[in-house]
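Spelled out, the chains give:
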Amino acid sequence: MRRMRRLRAPGIREMVAQTQLSLSDLVQPIFVDERISVPRVIEAMPGQFRQSLESLPAEAQALEDLGVPAVLLFGLPAIKDETGSGAYDPHGIIQKAVAAIKETTSLIVITDLCLCEYTSHGHCGLVRGEKILNDETLPLLGEVAVSHALAGADIVAPSGMMDHMVQAIRTSLDLDGYTDTPILSYSAKYASTFYGPFREAAKSGFAFGDRLGYQMNPANFSEALWEVQQDIEEGADMVMVKPAMPYLDVLRAVKDMFALPTAAYQVSGEYSMITAAAERGWLDERAAFLEALTCIKRAGADMIITYWAKEYAKLCL
Ligand code: PBG
């Protein structure tokens, strides 16, 4: 008689495990804030900080020493304007941050490529009235990409969900000679309430409206496959599903159908839910994030962007 419990004995259980988390798959997001000189805690994300340009090299070094392979950089500029010009300023905060990390470490630097942290209205594209403009935004995204590559970014990651952003970015990069810079597209990015804590972390709330007109409806599945396919046709080297845990069905399908390197972003709200519950003694934080990361990998993620990358690295020592 088959007894499924036989293989759950200590030692055997690990031997037959089908999913292995690996530090080499994890990416740590970092927020770099032009207006501060020492790290500041992010209230809504206990344990996470905004770094200053001055504190960044030490943080990057610490990550490298722990064996974290890659970081995803977000810049918070001192000044925002209508067109998000800080995003493509060659001397902008993110360009300086990339250069600072590349100068002192050999971390893989991925840059979040979007206008929303840099625009006064907080939207991911140019606006006219309350309309978010698509095609008018594309040349700017190309410019942002080139400025990131020039600063030394290893991978650019467009997150604004503008149609044809990947094509615009690929064309700009190629024209400027950055033919070897890969694009990790936030292809299936949902309009999720789980980005809530990020709005504090990146100071990127919006002045009017919402993102429902460009990010995907959480109710939709097949639309994600179209988004991914279109990004691949436009030249994406890697694709992403975001958020992670509520969208594991999408992640599984994307991985199975397209077999391209597939990233999952375990977003700020996924982090804060667990840390908040742990603070109240309702959950064991470490066990919860290990389970969450394992399940995201099981569902098909080749890479996971997670605010626990550094913590996970410490467990690997
Ligand atoms: C910017 C961007 C956002 C996140 C990553 N890039 C916010 C948004 O789209 O509203 C969210 C990340 C997180 O919640 O951890 N376009």
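Residues numbered from 1 in each chain as written. Predicted model: local features only at pLDDT ≥ 70, side-chain atom pairs only at ≥ 80, totals over all residues. Heavy atoms only, no water.

Regarding the nonpolar core
Stage number 1. Ranked by internal contacts, the top residues of the largest apolar core, which has 104 residues, are F31, L72, L73, L184 and Y265.
Stage number 2. Here this core gets 8 residues from one element, more than from any other, and that element is helix α4 (residues 138–151).
Stage number 3. Discounting chain neighbours no more than four positions away, the residues touching L184 are I110, I155, V156, A157, P158, M238, V239, M240, A263 and M303. (Core = buried A, V, L, I, M, F, W, Y, C linked by side-chain atoms within 4.5 Å. Buried < 20%, exposed > 50% of the residue type's maximum accessible area, 1.4 Å probe, protein only. Helix = DSSP H or I, 4+ residues; strand = E, 2+ residues; numbered from the N terminus. Contact = heavy atoms within 4.5 Å.)

Examining the site of the ligand
Stage number 1. Around the ligand, 17 residues are found, and the nearest of them are K189, R199, K242, S268 and Y307.
Stage number 2. At a separation of 2.5 Å, an oxygen atom of the ligand approaches a polar side-chain atom of R199.
Stage number 3. Separating an oxygen atom of the ligand from a side-chain N or O atom of S268 is a distance of 2.7 Å.
Stage number 4. Considering the ligand on its own, with 400 Å² of exposed area, one finds that the protein chains cover 100% of that surface. (Near = heavy atom within 4 Å. Polar contact = N/O pair within 3.5 Å; in protein donor to acceptor, adjacent residues only side chain to side chain. Areas by Shrake-Rupley, 256 points an atom, 1.4 Å probe, with all protein chains shown as cover.)

Regarding the state of the cysteines
Stage number 1. This structure, assessed with the given rule, holds 0 disulfides.
Stage number 2. Between C116, a cysteine without a disulfide, and C114, which holds the nearest cysteine sulfur, the sulfur-to-sulfur distance is 3.8 Å.
Stage number 3. Looking at C295, it has no disulfide partner, and the nearest cysteine sulfur is the one in C316, 17 Å off.
Stage number 4. On the basis of relative accessible area, C295 is assigned to the buried category, the value being 19%. (Disulfide = S-S within 2.5 Å.)

Some thoughts on the packing of aromatic side chains
Stage number 1. Considering all chains together, one arrives at 10 aromatic pairs under this definition.
Stage number 2. Plain terms: the ring middles of Y271 and Y307 are 5.9 Å apart, the flat faces sit at 65 degrees to each other, and that makes the pair edge-to-face. Remark: Y307 occurs in the loop between β12 (303–305) and α11 (309–316) and Y271 occurs in helix α9 (residues 268–279); sequence separation between them is 36 residues. Take Y271 and Y307: they sit in the same class, and that class is buried.
Stage number 3. Ring geometry for Y271 against W308: centres 4.6 Å apart, planes inclined by 45 degrees, an arrangement best described as tilted. Taken together, the positions of Y271 in helix α9 and W308 in the loop between β12 and α11 put the pair 37 residues apart, joining distant regions of the chain.
Stage number 4. Classification of Y271 as buried rests on a relative accessible area of 3%.
Stage number 5. On the accessibility criterion, W308 (0% relative accessible area) is buried.
Stage number 6. Here K242 stacks its cationic end above the ring of Y195, 4.4 Å away from the centre of that ring. (Phe/Tyr/Trp six-rings, centres within 6.5 Å; stacked < 30°, edge-to-face > 60°. Lys NZ or Arg CZ within 6 Å of the ring centre and 35° of its normal.)

Quick notes on the environment of L150
Stage number 1. In this structure, L150 sits in helix α4.
Stage number 2. Residue L150 is classed as exposed on the basis of its relative accessible area, which comes to 60%.
Stage number 3. In this structure, the C-alpha to C-alpha distance between L150 and R2, residues 148 residues apart in sequence, is 60 Å.

Some remarks on the confidence of the model for the protein chain
Stage number 1. Considering every residue of the protein chain, the mean pLDDT works out to 97; 100% of them sit at 70 or more.
Stage number 2. Mean pLDDT across the elements of the protein chain ranges from a minimum in helix α6 (residues 196–201), with 92, to a maximum in β12, with 99. (pLDDT = per-residue confidence, 0-100.)

Some details on the packing of helix α2 (residues 56–66) against α11
Stage number 1. Where α2 contacts α11, the axes come no closer than 9 Å and their chain directions differ by 40 degrees. The orientation of α2 with respect to α11, classified from their angle, is oblique. Read as a crossing pair, α2 and α11 show a hand that is left-handed. The residues of α11 that touch α2, namely those facing E59, L63 and L66, are K310, A313 and K314.
Stage number 2. Considering only residue class, the contact of α2 with α11 consists of 3 nonpolar, no polar and 3 charged. (Axes fitted to C-alpha atoms, helices over the stretch in contact; angles between N-to-C directions. Parallel < 35°, antiparallel > 145°, perpendicular 65-115°, else oblique. Left-handed = near helix turned anticlockwise from the far one by under 90°. Nonpolar A, V, L, I, M, F, W, Y, C, P; charged D, E, K, R; others polar.)

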